[in-house]
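# Coordinates in review
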Amino acid sequence: MQQTIDAPASLPTTVLVAHFLMKRCQARMVLFTAGPARAMSPIAAVTIAVSGISGISPFELVRRTFIPMFVAAVTTTITSLIVN
């Protein structure tokens, strides 16, 4: 699959490469942060399944696990910025 760059062709090559790398960095950051953020949702399938097994409401489960999941989201965001 070929990726395209949506920048003007009149820009120097170094600027085009920087633009392309910036877009990849942003995409990776969104992908890494989406996992923990998705699990924080009270309507996610995994949240509903776990809350059903444990016998508590999905909102109570999210309330209890919000701080660790928020730390995980921040950590993965920072890690994705460092890795690039």
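Structure's up top.
Below or above, wherever it landed, is the structure these notes cover. (Residues numbered from 1 in each chain as written. Predicted model: local features only at pLDDT ≥ 70, side-chain atom pairs only at ≥ 80, totals over all residues. Heavy atoms only, no water.)

### Observations regarding a nonpolar patch on the surface
A contiguous nonpolar patch, built from F66, I67, F70, V71, V74, I78 and I82 and spanning about 700 Å² of accessible area, is present on the exposed surface. By secondary structure assignment, the location of I82 is in helix 3 (residues 58-83). (Patch = residues over 30% accessible without salt bridge, like charges linked within 9 Å, V, L, I, M, F, W, Y side chains within 5 Å. Areas by Shrake-Rupley, 256 points an atom, 1.4 Å probe, with all protein chains shown as cover. Salt bridge = Lys/Arg side-chain N within 4 Å of Asp/Glu carboxyl O. Helix = DSSP H or I, 4+ residues; strand = E, 2+ residues; numbered from the N terminus.)

### Regarding the pattern of salt bridges
Scanning all chains against the criterion turns up 2 salt bridges. Residues E60 and R63 are paired through a salt bridge, measuring 2.6 Å at the closest nitrogen-oxygen approach. In this pair, E60 and R63 both sit in helix 3, 3 residues apart, roughly one turn of the helix. What makes R63 exposed here is its relative accessible area of 57%. (Buried < 20%, exposed > 50% of the residue type's maximum accessible area, 1.4 Å probe, protein only.)

### Topic: the packing of aromatic side chains
A full pass over the atoms with the stated rule returns 1 aromatic pair. Measuring from ring centre to ring centre gives 5.8 Å for F66 and F70, while their planes differ by 25 degrees; the resulting arrangement is stacked. Remark: F70 and F66 occur in helix 3; sequence separation between them is 4 residues, near one turn of the helix. (Phe/Tyr/Trp six-rings, centres within 6.5 Å; stacked < 30°, edge-to-face > 60°.)

### A look at helix 3
At F66, helix 3 shows its maximal kink, close to 55 degrees; a proline, P68, follows between one and four residues later. Among all positions in helix 3, only L61, V62, A73, T77 and S80 are buried. (Bend = angle between axes of the 7 residues up to and from the residue.)

### Here we look at the packing of helix 2 (residues 45-54) against helix 3
Following both chains from N to C, one finds helix 2 and helix 3 inclined at 105 degrees, their axes separated by 9 Å at the closest point. Here helix 2 is positioned roughly perpendicular relative to helix 3, judged by the angle of their axes. In this structure, helix 2 uses T47, V50 and S51 to contact helix 3, whose residues at the interface are P58, L61 and V62. Classifying every residue of the contact of helix 2 with helix 3 gives 4 nonpolar, 2 polar and no charged. (Axes fitted to C-alpha atoms, helices over the stretch in contact; angles between N-to-C directions. Parallel < 35°, antiparallel > 145°, perpendicular 65-115°, else oblique. Contact = heavy atoms within 4.5 Å. Nonpolar A, V, L, I, M, F, W, Y, C, P; charged D, E, K, R; others polar.)

Remember, this is a structural readout, not a statement about activity or role.
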